[in-house]
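Structure assessment
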Amino acid sequence: MIPPIAKILARHLLKGPHTMKDAPRPDPGGVAELAEALGQRARARLGRSLSIREVDAGSCNGCELEIHAVNQPVYDLERFGIRFVASPRHADVLLVTGPVTRNMEEALRRTVEATPEPRWIVAMGDCARDGGCFAGSYAVVGGVGDVVPVDLHIPGCPPSPRQILAGLLALLDTVEGK
Amino acid sequence: MIGDVTLLEFLSLGRPVEGHRPWPRFVLDQKGWRLLIDRLRVAEWSVMAEWAEREHIHVALRDESAGDIAVASHHCADRRFLALGNVRPGVIRIERAIHDVWGLAPVGLEDKRHWVDHGRWPARMPLAAQPMGPSAEPDAYPFLTAVGEGLHQIPVGPVHAGVIEPGHFRFHCQGEAVVRLEQRLGYVHKGIEGLLSGAPLDKAARVVGRVSGDSTVAYALAFARAVEAATGCEVPVRAHWLRGVMAEMERVANHVFDIGAACNDASFAVMLSHMGVLREKILRANDALFGHRLNMDRVVPGGVSHDLSDEGSEALKHLLHGFVRQFEEAYQLYENTPSLSDRTVSTGIVQTSLIHRFGAGGFVGRASGRGHDARQAPGYPPYDKLDMTVPVLTEGDVNARILIRFAEARESLHLINRMLHEMPDGATRVPVPEVAGEGLGVAESFRGEVVVWLRIGADGVIERCHPHDPSRFQWPLLEAAIEGNIVADFPLCNKSFNCSYSGHDL
């Protein structure tokens, strides 16, 4: 019997990855072009690559699901040199989701402090703007901008992978000279 | 000693509450509450959820042999209640959280540490009748200890290395072996119960749909069913079936991706890529058919917000055809990769006895011999019209949890296909009548049973609503699963559970 892994690997070698051929629908929003532009700008600004550290400051985990999606083969952010890293000490960008809960406020501040300059903070999702539907609770401080300075906001509940790519592109457009 | 008393027979010693649907609610006095706890020592009654109000404690119970469901309530005039945690350990953390948020003290509970209150809120006991002033500085949390030669601690979190939610894990290890894991959660406590009190129906639906984003359809469904029960709203048949399609799409999307992520934590990355592609197909189909990749806010009280066109139905059938083939390919890959089985088989075992003691449901329960599924018991449409099998294994290891998820996803794909073929025509939404009432809603999320209890005022505003996440009974078992395993297997064990932080912390 041919092992299943051999079949899968052989098929990908012959037919190429999912990223190129196997999107369920044609790219209506030009995801590929967007990702390409994103990669070029990241290289122009940072010379090498962009490292992102994700911080969940109180989200419902919806935003995390879509961050996983941009890392998967269909969007494959990493092919453009943009990757998610395990520590804020390795990061250029902090991607913060959720309303900031009071129980996460200090952890968020400390994560920002642990990120070397120059650094950018992106608030992702409607909750991260102003607390969203959780604003006004005793347990919620508010949006990310109420706790740490924010360079960019990516809207959506949760933002789609395309919105995430567009947001990172906008960040690279606006941070020149920092 | 009483003989084999059913739950309903027992609770009839209390005072029935008018207007609680679809299952009855009884108010027990001090003596009745004490008798209930005595009875729980021997009876096969599972706790479905426990929650509080300013002066009341409520518990939803299911009689496992008779199948009945009922809510028992108790007025705690002196702001204390006899804890259920001593007879149902799964609710210990819930009762600690009730003390933190509502100020009702669980009497008899050994663990008196704060749980979701970290000493960082503007008030202690914020939802109590008289909240207390804030803590001068954040609480230090006294972790349980482990003593012995060569033991060391590993603190992890709240900010983790992966793209996951925040929580703290404190490991006591001897060399590579985990001697004790203790969790500290509550970091994403958003005060959802406080936000829901006084919220109009549409706002409340939005918030409940975001208790745990990955189970948004299940939460919206449980909430809608609770509202419909409370108000006596009759939902059109087609809406039930569309809800079923959305719920099964959610189940498949979560199961396939979590299988991939668990394998990735055993360094088998190709499965994550394969499953990531499959998940994306489901999310894009959701977006095309219902206008949202996760189907947030699509299930609403009174029905569903989006209908499915014939064209959309055909497109989905076509998509499923190819999807099933690639899904089975992943299953073959999983079953025929010895290096992967080496990591998953006999890792992170949860004993069946513990599963029953904690009343854990979902794939965590079903991998350890507890076969409960809310789609069957109590059951709700459209599943009452569909034959479905609920897979159960008894090994209780990571492998069993993954195999259960394969089997459930396969069953869900089958169910979606059947629902698309047999879907009745008709309306998809009716207005919700503006009447007062109390309702209990249950829905099976991919993790297990989501329970929503609520009381609506005559003005159509939510007076009190409590959403219960299945993770609440599963989190403590992860501590048991990792004991004696190596630290390097923790991510694998954790992902094989994939409990919700947000749903737990509320």
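From a predicted model like this one, the values you see are computed outputs, not experimental measurements. (Residues numbered from 1 in each chain as written. Chains lettered and ligands numbered in written order. Predicted model: local features only at pLDDT ≥ 70, side-chain atom pairs only at ≥ 80, totals over all residues.)

All right, on to the overall build of chain B then. Within chain B one finds 17 helices and 16 strands. Relative to the 2.2 N^0.38 estimate, which gives 23 Å for 506 residues, the radius of gyration of chain B is 22 Å and therefore close to what a compact globule would have. Each principal axis of the C-alpha distribution contributes one length, and for chain B these read about 65 × 60 × 50 Å. In chain B, once contacts between residues fewer than 6 apart in sequence are set aside, the share between residues at least 24 apart is 66%. (Helix = DSSP H or I, 4+ residues; strand = E, 2+ residues; numbered from the N terminus. Rg over C-alpha atoms; globule rule 2.2 N^0.38 Å. Contact = placed C-beta atoms within 7 Å.)

When helices and strands are tallied, chain A shows seven helices and seven strands. Counting from the amino terminus, helix and strand elements in chain A follow one another as α-α-α-β-α-β-β-β-α-β-α-β-β-α. In chain A, the share of contacts with a sequence separation of at least 24, taken over all contacts with a separation of at least 6, comes to 79%.

Residue-level contacts link 49 residues of chain B with 43 residues of chain A. By residue number, the principal contributor to the side of chain B that touches chain A is helix H8 (residues 269-290) of chain B, which donates nine residues. Its residues placed into classes, the side of chain B that touches chain A shows 22 nonpolar, 16 polar and 11 charged. (Nonpolar A, V, L, I, M, F, W, Y, C, P; charged D, E, K, R; others polar.)

Side chains on a regular strand alternate between the two faces of the sheet. Residue and element names in this part refer to chain B. Of all seven residues making up strand S6 (residues 69-75), five are buried, and the element is well covered by its neighbours. In this sheet, S6 lies alongside strand S3 (residues 25-28) in parallel orientation, the contact comprising four bridges. Among the inter-strand pairings, Leu-28 is bridged to a residue of S6, identified as His-74. (Buried ≥ 20, exposed ≤ 12 C-beta atoms within 10 Å, placed from the backbone. Pairing = 2+ DSSP bridges.)

Here we come to the sheet that holds strand S9 (residues 151-156) of chain B. Residue and element names in this part refer to chain B. Pairing within the open sheet is antiparallel, and its three strands lie in the order S9-S10-S11. Taken across any chain shown, the strands that pair with only one partner, and hence form the sheet edges, are S9 and strand S11 (177-184). With direction set aside, neighbouring strand axes in the sheet form an average angle of 20°. In this sheet, strand S10 (residues 168-174) lies alongside S9 in antiparallel orientation, the contact comprising six bridges. Following the sheet pairing, Val-156 is matched in S10 by Phe-169. (Axes fitted to C-alpha atoms, helices over the stretch in contact; angles between N-to-C directions.)

On to the pairing of strand S4 (residues 45-52) of chain B. All names here are of chain B. Within S4, eight of the eight residues are buried, which leaves the element mostly enclosed by the surrounding structure. In the sheet, S4 pairs with strand S5 (residues 56-63) via seven bridges, with the strands oriented antiparallel. Each bridged residue has a counterpart across the sheet, and for Ala-52 the counterpart in S5 is Ile-57.

Our next topic: the confidence of the model for chain A. All names here are of chain A. Across chain A, the average pLDDT comes to 84, with 81% of residues at 70 or higher. The least confident element of chain A, judged by mean pLDDT, is helix H2 (residues 18-21) at 56; the most confident is strand S4 (residues 100-101) at 98. Predicted confidence for residues 20-28 stays below pLDDT 50, and this span has nine contacts to residues more than four positions away or in other chains. (pLDDT = per-residue confidence, 0-100.)

Judged by nonpolar contacts, the single largest core of 203 residues is most densely connected at Val-96 of chain A together with Ala-222 of chain B. Setting aside residues up to four positions removed in sequence, Ala-222 of chain B forms contacts with Gly-441, Val-442, Ala-443, Val-450, Val-451 and Val-452 of chain B. (Core = buried A, V, L, I, M, F, W, Y, C linked by C-beta atoms within 7 Å.)

A few words now on the environment of Pro-122 of chain B. Tracing the chain through its elements places Pro-122 of chain B in the loop between strand S8 (105-107) and S9. C-alpha separation for the pair Pro-122 of chain B and Pro-134 of chain B, spaced 12 residues apart in sequence, amounts to 5.1 Å. Discounting residues that sit within four places of it in the chain, Pro-122 of chain B has contacts with Tyr-138 of chain A together with Pro-134 of chain B.

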